[in-house]
Amino acid sequence: MKLSIQSEVDIFGMANLYPKHTGLPVIIWVDNVGCGRNVQHDLPRVKVQNVKGNRAVDDTFSLSISDSPEILAGQCKLSNRDLKCVKNFIIEHEAEFMQHWNQEIDEYELKDLLAVSK
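Computed from a predicted structure; not experimentally measured.

Draft legend 1. Summary view of the confidence of the model for the chain. Per-residue confidence for the chain gives a mean pLDDT of 84, with 80% of residues at or over 70. Put simply, helix α1 (residues 5-12) is where the chain has its lowest mean pLDDT, 43, and helix α3 (residues 80-92) is where it has its highest, 97. Low confidence marks residues 1-12, where pLDDT is under 50. Its contacts with residues over four positions away, or in another chain, come to 18 contacts.

Okay, here's the thing in structure tokens:
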């Protein structure tokens, strides 16, 4: 599936976190201080891919970074089990996501903190 130009800017302006590193069934994307990138949101969030696997596609929704993640934009097409897995990951790593959002750590540090132990 081809990404639109706007989607490419949105997704590729964010750090991508692949399943092999997170243990999640889908790719998630994070950015820091989204409002500083001239986007229409200022709430901490992750973008979640609706399609399982390691290939980026333009079918996503956004979840808040909080102790009770909620859908902020888009439509979730994941199974309840997969959505719960992503939400639990956000809850478990809320502090790290917020450090990144607040520009206290960069994408590389965040990826190291979130990496699944082998």
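Draft legend 2. A look at the side chain of Glu96. Note that Glu96 resides in helix α4 (residues 94-101). For the buried Glu96, no salt bridge exists, and the shortest N-O distance to an oppositely charged side chain is 16 Å, to Lys111. Setting aside its immediate chain neighbours within four residues, Glu96 contacts Ile105, Leu110, Leu113 and Leu114.

Draft legend 3. Spatial organisation of the nonpolar core. The biggest cluster of nonpolar side chains holds 21 residues, and the ones touching the most others in it are Ile28, Val46, Val48, Leu63, Val86 and Phe97. Those elements giving two or more residues to this core turn out to be β1 (15-17), β2 (28-30), β3 (45-49), β4 (60-64), α3 and α5 (107-114). For this core, the leading source of residues is α3, giving four residues. Setting aside residues up to four positions removed in sequence, Val46 forms contacts with Trp29, Val30, Phe61, Ser62, Leu63, Ile65, Ile90 and Phe97.

Draft legend 4. The arrangement of the environment of Ala115 in detail. Mapped onto the secondary structure, Ala115 falls in the segment after α5. Taking the C-alpha atoms as reference points, Ala115 and Leu17, separated by 98 residues in sequence, lie 9.0 Å from one another.

Draft legend 5. Representation of the side chain of Asp59 within the structure. By the secondary structure assignment, Asp59 is in the loop between β3 and β4. At 3.2 Å, the side chain of Asp59 and the side chain of Lys77 are in polar contact. Beyond its immediate stretch of four places on either side in the chain, Asp59 contacts Val48, Gln49, Asn50, Val51 and Lys77.

Draft legend 6. Region of the structure containing the packing of aromatic side chains. Overall, the coordinates contain one aromatic pair when judged by the stated rule. Judged by centre distance (6.2 Å) and plane angle (70°), the rings of Phe89 and Phe97 are edge-to-face. For Phe89, a relative accessible area of 7% puts it in the buried group.

Draft legend 7. Inspection of the sheet that holds β3 at higher detail. Strand order across the open sheet formed by five strands is β1-β2-β3-β4-β5, with antiparallel pairing between neighbours. Two strands lie at the open edges of the sheet, namely β1 and β5 (71-74), each paired on one side alone. Pairwise comparison of adjacent strand axes, ignoring direction, gives a mean angle of 25° for this sheet. One ladder, built from three bridges, connects β2 with β3; its direction is antiparallel. Counted as the bridge partner of Val30 is Val46 from β3. Seen against the sheet, α3 touches β2, β3 and β4 and runs at an angle of roughly 40° to β4.

Parameters and conventions
- Residues numbered from 1 in each chain as written.
- Predicted model: local features only at pLDDT ≥ 70, side-chain atom pairs only at ≥ 80, totals over all residues.
- Heavy atoms only, no water.
- pLDDT = per-residue confidence, 0-100.
- Helix = DSSP H or I, 4+ residues; strand = E, 2+ residues; numbered from the N terminus.
- Contact = heavy atoms within 4.5 Å.
- Buried < 20%, exposed > 50% of the residue type's maximum accessible area, 1.4 Å probe, protein only.
- Lys, Arg positive; Asp, Glu negative; His and termini not counted.
- Salt bridge = Lys/Arg side-chain N within 4 Å of Asp/Glu carboxyl O.
- Core = buried A, V, L, I, M, F, W, Y, C linked by side-chain atoms within 4.5 Å.
- Polar contact = N/O pair within 3.5 Å; in protein donor to acceptor, adjacent residues only side chain to side chain.
- Phe/Tyr/Trp six-rings, centres within 6.5 Å; stacked < 30°, edge-to-face > 60°.
- Pairing = 2+ DSSP bridges.
- Axes fitted to C-alpha atoms, helices over the stretch in contact; angles between N-to-C directions.

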